[in-house]
Amino acid sequence: MSDNRPAAPSWWQTIPGILTGVAALITAVTGLLVVFNRTGNRGEDVRPSTVSESRGTPPASPAASRPAGAAAAAARPVALPAINRVSLVGGAAVHTILSAQVEPLDQERRALKFVVRYTNGGRYPANFWSASYRLIVDDVPRAPTNFLDELVEPDSAKEGDVVFELPVGVKDVVLQISSGDEKSRIPLKLP
(Lines give C-alpha, C1' and ligand atoms only; values in the text may rest on other atoms or scores of the structure.)
Protein backbone atom coordinates (compact mmCIF):
# COMPACT_ATOMS: atom_id res chain seq x y z
CA MET A 1 0.00 0.00 0.00
CA SER A 2 1.35 3.42 -0.91
CA ASP A 3 1.30 6.50 1.28
CA ASN A 4 -0.82 9.20 -0.41
CA ARG A 5 0.02 11.92 2.08
CA PRO A 6 1.81 14.92 0.54
CA ALA A 7 5.44 15.30 1.58
CA ALA A 8 6.07 17.89 4.31
CA PRO A 9 7.53 21.12 2.87
CA SER A 10 11.10 21.93 3.75
CA TRP A 11 11.52 24.36 6.63
CA TRP A 12 12.38 27.19 4.17
CA GLN A 13 8.91 26.91 2.67
CA THR A 14 7.11 27.56 5.96
CA ILE A 15 6.34 30.96 7.45
CA PRO A 16 8.25 30.24 10.68
CA GLY A 17 11.23 29.01 8.64
CA ILE A 18 11.28 32.13 6.48
CA LEU A 19 10.99 34.38 9.55
CA THR A 20 13.83 32.50 11.25
CA GLY A 21 16.04 32.91 8.17
CA VAL A 22 15.30 36.64 7.89
CA ALA A 23 15.97 37.14 11.62
CA ALA A 24 19.32 35.31 11.31
CA LEU A 25 20.29 37.48 8.34
CA ILE A 26 19.38 40.71 10.14
CA THR A 27 21.33 39.61 13.22
CA ALA A 28 24.41 38.78 11.14
CA VAL A 29 24.35 42.10 9.25
CA THR A 30 23.85 44.07 12.49
CA GLY A 31 26.74 42.24 14.10
CA LEU A 32 29.02 43.02 11.16
CA LEU A 33 28.05 46.71 11.25
CA VAL A 34 28.82 46.90 14.97
CA VAL A 35 32.19 45.19 14.51
CA PHE A 36 33.22 47.38 11.58
CA ASN A 37 32.03 50.54 13.34
CA ARG A 38 34.08 49.75 16.46
CA THR A 39 37.23 48.53 14.71
CA GLY A 40 37.33 50.68 11.56
CA ASN A 41 40.14 53.24 11.22
CA ARG A 42 41.73 52.77 14.65
CA GLY A 43 44.68 54.89 13.48
CA GLU A 44 42.41 57.87 12.87
CA ASP A 45 42.46 60.55 15.54
CA VAL A 46 38.88 61.65 16.23
CA ARG A 47 39.41 63.04 19.73
CA PRO A 48 38.20 66.56 20.43
CA SER A 49 40.82 69.24 20.98
CA THR A 50 42.29 69.32 24.47
CA VAL A 51 43.28 72.14 26.77
CA SER A 52 46.99 71.63 26.05
CA GLU A 53 46.35 72.09 22.33
CA SER A 54 44.61 75.40 22.92
CA ARG A 55 47.65 76.65 24.90
CA GLY A 56 49.92 76.37 21.92
CA THR A 57 51.06 72.74 22.04
CA PRO A 58 50.54 71.45 18.51
CA PRO A 59 48.41 68.31 18.18
CA ALA A 60 49.93 65.09 16.93
CA SER A 61 49.73 65.00 13.16
CA PRO A 62 50.58 62.80 10.21
CA ALA A 63 53.47 65.19 9.50
CA ALA A 64 55.06 64.19 12.81
CA SER A 65 55.18 60.54 11.79
CA ARG A 66 56.81 61.19 8.39
CA PRO A 67 60.53 60.72 7.91
CA ALA A 68 62.75 63.77 8.45
CA GLY A 69 63.57 63.90 4.70
CA ALA A 70 59.90 64.44 3.75
CA ALA A 71 58.54 67.94 3.29
CA ALA A 72 57.86 68.35 6.98
CA ALA A 73 56.64 71.83 7.78
CA ALA A 74 54.63 72.66 10.84
CA ALA A 75 50.87 72.86 10.86
CA ARG A 76 49.64 76.42 10.41
CA PRO A 77 46.44 77.83 11.89
CA VAL A 78 43.75 79.19 9.60
CA ALA A 79 42.03 82.42 10.63
CA LEU A 80 38.33 81.79 11.12
CA PRO A 81 35.80 84.26 9.72
CA ALA A 82 33.62 86.31 12.08
CA ILE A 83 30.73 83.97 11.34
CA ASN A 84 31.94 80.51 12.29
CA ARG A 85 28.65 79.13 13.60
CA VAL A 86 25.85 77.70 11.46
CA SER A 87 22.30 76.88 12.63
CA LEU A 88 20.29 74.38 10.60
CA VAL A 89 17.04 72.45 11.08
CA GLY A 90 15.26 75.47 12.51
CA GLY A 91 18.08 76.09 15.01
CA ALA A 92 18.03 72.55 16.41
CA ALA A 93 21.42 71.68 14.82
CA VAL A 94 24.28 74.11 15.51
CA HIS A 95 27.70 73.55 13.92
CA THR A 96 30.49 75.68 15.41
CA ILE A 97 33.96 75.75 13.84
CA LEU A 98 36.30 75.85 16.84
CA SER A 99 39.58 75.85 14.92
CA ALA A 100 41.14 75.12 11.55
CA GLN A 101 44.69 74.35 10.49
CA VAL A 102 46.60 73.26 7.40
CA GLU A 103 49.55 70.91 7.34
CA PRO A 104 51.55 69.51 4.45
CA LEU A 105 51.04 65.90 3.40
CA ASP A 106 53.60 65.90 0.57
CA GLN A 107 54.89 68.35 -2.05
CA GLU A 108 51.56 68.51 -3.93
CA ARG A 109 48.96 68.11 -1.18
CA ARG A 110 48.09 69.41 2.24
CA ALA A 111 45.43 68.61 4.81
CA LEU A 112 42.88 71.10 6.10
CA LYS A 113 41.58 70.01 9.51
CA PHE A 114 38.57 71.56 11.20
CA VAL A 115 37.65 70.97 14.84
CA VAL A 116 33.87 71.23 14.94
CA ARG A 117 31.35 71.23 17.80
CA TYR A 118 27.89 69.89 16.99
CA THR A 119 25.12 70.96 19.39
CA ASN A 120 21.82 69.09 19.21
CA GLY A 121 19.00 71.29 20.47
CA GLY A 122 16.34 68.91 19.17
CA ARG A 123 14.17 66.40 21.00
CA TYR A 124 15.75 63.29 19.46
CA PRO A 125 19.31 61.97 18.99
CA ALA A 126 21.00 63.38 15.86
CA ASN A 127 23.88 62.31 13.62
CA PHE A 128 27.14 64.27 13.73
CA TRP A 129 28.96 62.93 10.71
CA SER A 130 31.39 63.79 7.97
CA ALA A 131 28.63 63.48 5.35
CA SER A 132 27.36 66.91 6.46
CA TYR A 133 30.58 68.64 5.35
CA ARG A 134 32.04 69.47 1.94
CA LEU A 135 35.00 71.65 1.04
CA ILE A 136 34.43 73.58 -2.16
CA VAL A 137 37.69 74.15 -4.05
CA ASP A 138 37.48 75.91 -7.44
CA ASP A 139 33.69 75.31 -7.50
CA VAL A 140 34.19 71.55 -6.99
CA PRO A 141 32.89 69.98 -3.74
CA ARG A 142 35.26 67.56 -1.96
CA ALA A 143 34.30 65.02 0.67
CA PRO A 144 36.25 64.71 3.93
CA THR A 145 39.07 62.15 4.01
CA ASN A 146 38.31 61.00 7.55
CA PHE A 147 35.22 59.24 8.84
CA LEU A 148 33.24 60.97 11.57
CA ASP A 149 30.03 59.30 12.71
CA GLU A 150 28.73 60.17 16.17
CA LEU A 151 25.27 60.16 17.71
CA VAL A 152 24.53 63.30 19.75
CA GLU A 153 21.82 63.01 22.37
CA PRO A 154 19.17 65.76 22.74
CA ASP A 155 20.37 68.92 24.52
CA SER A 156 23.98 67.75 24.18
CA ALA A 157 27.10 68.56 22.20
CA LYS A 158 30.10 66.67 20.84
CA GLU A 159 33.33 67.74 19.18
CA GLY A 160 35.13 66.05 16.32
CA ASP A 161 37.58 66.55 13.47
CA VAL A 162 36.67 66.97 9.81
CA VAL A 163 39.71 66.63 7.50
CA PHE A 164 40.06 67.42 3.80
CA GLU A 165 42.93 67.04 1.32
CA LEU A 166 43.61 69.80 -1.18
CA PRO A 167 46.37 70.95 -3.54
CA VAL A 168 49.17 73.04 -2.03
CA GLY A 169 48.50 76.20 -4.09
CA VAL A 170 44.84 76.63 -3.11
CA LYS A 171 44.18 79.84 -1.14
CA ASP A 172 40.39 80.33 -1.21
CA VAL A 173 37.99 77.58 -0.09
CA VAL A 174 34.42 77.37 1.14
CA LEU A 175 33.26 75.00 3.88
CA GLN A 176 29.73 73.85 3.11
CA ILE A 177 27.66 72.45 5.98
CA SER A 178 24.38 70.75 5.20
CA SER A 179 21.47 68.99 6.80
CA GLY A 180 19.01 67.51 4.34
CA ASP A 181 18.22 70.22 1.77
CA GLU A 182 19.54 73.03 4.00
CA LYS A 183 23.04 74.28 3.19
CA SER A 184 25.22 77.00 4.60
CA ARG A 185 28.65 78.13 3.40
CA ILE A 186 31.63 79.59 5.25
CA PRO A 187 34.37 81.12 3.05
CA LEU A 188 37.98 80.80 4.26
CA LYS A 189 41.38 82.18 3.19
CA LEU A 190 44.23 79.71 3.67
CA PRO A 191 47.79 80.70 4.59
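Reading guide: rules and limits
Residues numbered from 1 in each chain as written. Predicted model: local features only at pLDDT ≥ 70, side-chain atom pairs only at ≥ 80, totals over all residues. Heavy atoms only, no water. Helix = DSSP H or I, 4+ residues; strand = E, 2+ residues; numbered from the N terminus. Buried < 20%, exposed > 50% of the residue type's maximum accessible area, 1.4 Å probe, protein only. Contact = heavy atoms within 4.5 Å. Salt bridge = Lys/Arg side-chain N within 4 Å of Asp/Glu carboxyl O. Pairing = 2+ DSSP bridges. Axes fitted to C-alpha atoms, helices over the stretch in contact; angles between N-to-C directions. Phe/Tyr/Trp six-rings, centres within 6.5 Å; stacked < 30°, edge-to-face > 60°.

Visitor: I tried to follow the overall build of the chain on my own but got confused; where do I start?
Guide: In terms of regular secondary structure, the chain is built from 3 helices and 11 strands. Tracing the chain from N to C terminus, the helices and strands come up as α-α-α-β-β-β-β-β-β-β-β-β-β-β. Classification of the 191 residues of the chain by burial places 29% in the buried group. Restricting the contact set of the chain to residue pairs at least 6 apart, pairs at least 24 apart contribute 59%.

Visitor: I would appreciate a short explanation of the pattern of salt bridges in the present structure.
Guide: A side chain with one charge may pair with a side chain of the opposite charge, provided their charged atoms come close. Applying the stated rule across the entire model yields 6 salt bridges. Between Asp 161 and Lys 113 there is a salt bridge whose closest N-O contact spans 3.5 Å. Of this pair, Asp 161 sits in strand β9 (residues 156–167) while Lys 113 is found in strand β4 (residues 109–120), placing the two residues 48 residues apart along the sequence. With relative accessibility at 2%, the residue Asp 161 sits in the buried group. The shortest N-O distance in the salt bridge between Glu 159 and Arg 117 comes to 2.8 Å.

Visitor: What is the right way to read the sheet that holds strand β7 (residues 140–142) from this model?
Guide: Pairing between the strands of a sheet comes from backbone hydrogen bonds, and it takes one of two forms, parallel or antiparallel. The strand order across the open sheet built from 4 strands is β7-β6-β10-β11, with neighbouring strands paired in antiparallel fashion. The sheet is open, and its two borders are formed by β7 and β11 (182–189), each paired with just one other strand. For this sheet the average axis-to-axis angle between neighbouring strands, irrespective of direction, equals 30 degrees. Pairing between strand β10 (residues 172–179) and β11: 8 bridges, direction antiparallel. Along β11, the bridge assignment pairs Gln 176 with Arg 185.

Visitor: Teacher, can you tell me more about the environment of Leu 188 here?
Guide: Looking at where Leu 188 falls in the secondary structure, it is placed in strand β11. Excluding anything up to four places from it in sequence, Leu 188 contacts Val 78, Ala 79, Leu 80, Pro 81, Phe 114, Lys 171, Asp 172, Val 173 and Leu 175.

Visitor: So what exactly am I meant to see when it comes to the pairing of strand β3 (residues 93–104) here?
Guide: Two faces make up the sheet, and in a regular strand the side chains alternate between them. Within β3, 10 of the 12 residues are buried, leaving the element largely enclosed by the surrounding structure. For strand β1 (residues 76–77) and β3, the ladder comprises 2 bridges, and the chain directions are antiparallel. Counterpart to Pro 77 in the pairing with β3 is Gln 101. Where strand β2 (residues 85–88) and β3 come together, 4 bridges link them in antiparallel fashion. Paired with Leu 88 across the bridge in β3 is Ala 93. Two successive antiparallel strands, β2 and β3, enclose a turn made up of 4 residues, where Val 89 displays a positive phi of approximately 55 degrees. Note: β3 against β4, 11 bridges, orientation antiparallel. In the sheet register, Pro 104 faces β4, and the bridge partner there is Arg 110. Counted between consecutive antiparallel strands, the loop separating β3 from β4 contains 4 residues.

Visitor: How should I be thinking about the packing of aromatic side chains in this particular structure?
Guide: Given two aromatic rings, their pairing is described by the distance between the two centres and the angle made by the two planes. Per the counting criterion, the structure on display carries 2 aromatic pairs. Both rings, one in Tyr 118 and one in Phe 128, keep their centres 5.5 Å apart while their planes meet at 15 degrees; by these two values the pair is stacked. Of this pair, Tyr 118 sits in strand β4 while Phe 128 is found in strand β5 (residues 126–129), placing the two residues 10 residues apart along the sequence. Taken individually, Tyr 118 and Phe 128 each receive the classification buried, so the pair is uniform in this respect.

Visitor: Teacher, can you tell me more about unusual backbone geometry here?
Guide: Excluding glycine, a negative phi dihedral is what most residues carry, and trans is how most peptide bonds are arranged. Non-glycine residue Asp 138 carries a positive phi angle of around 55 degrees. With a phi close to 65 degrees, Asp 139 is a non-glycine residue in the positive phi region.

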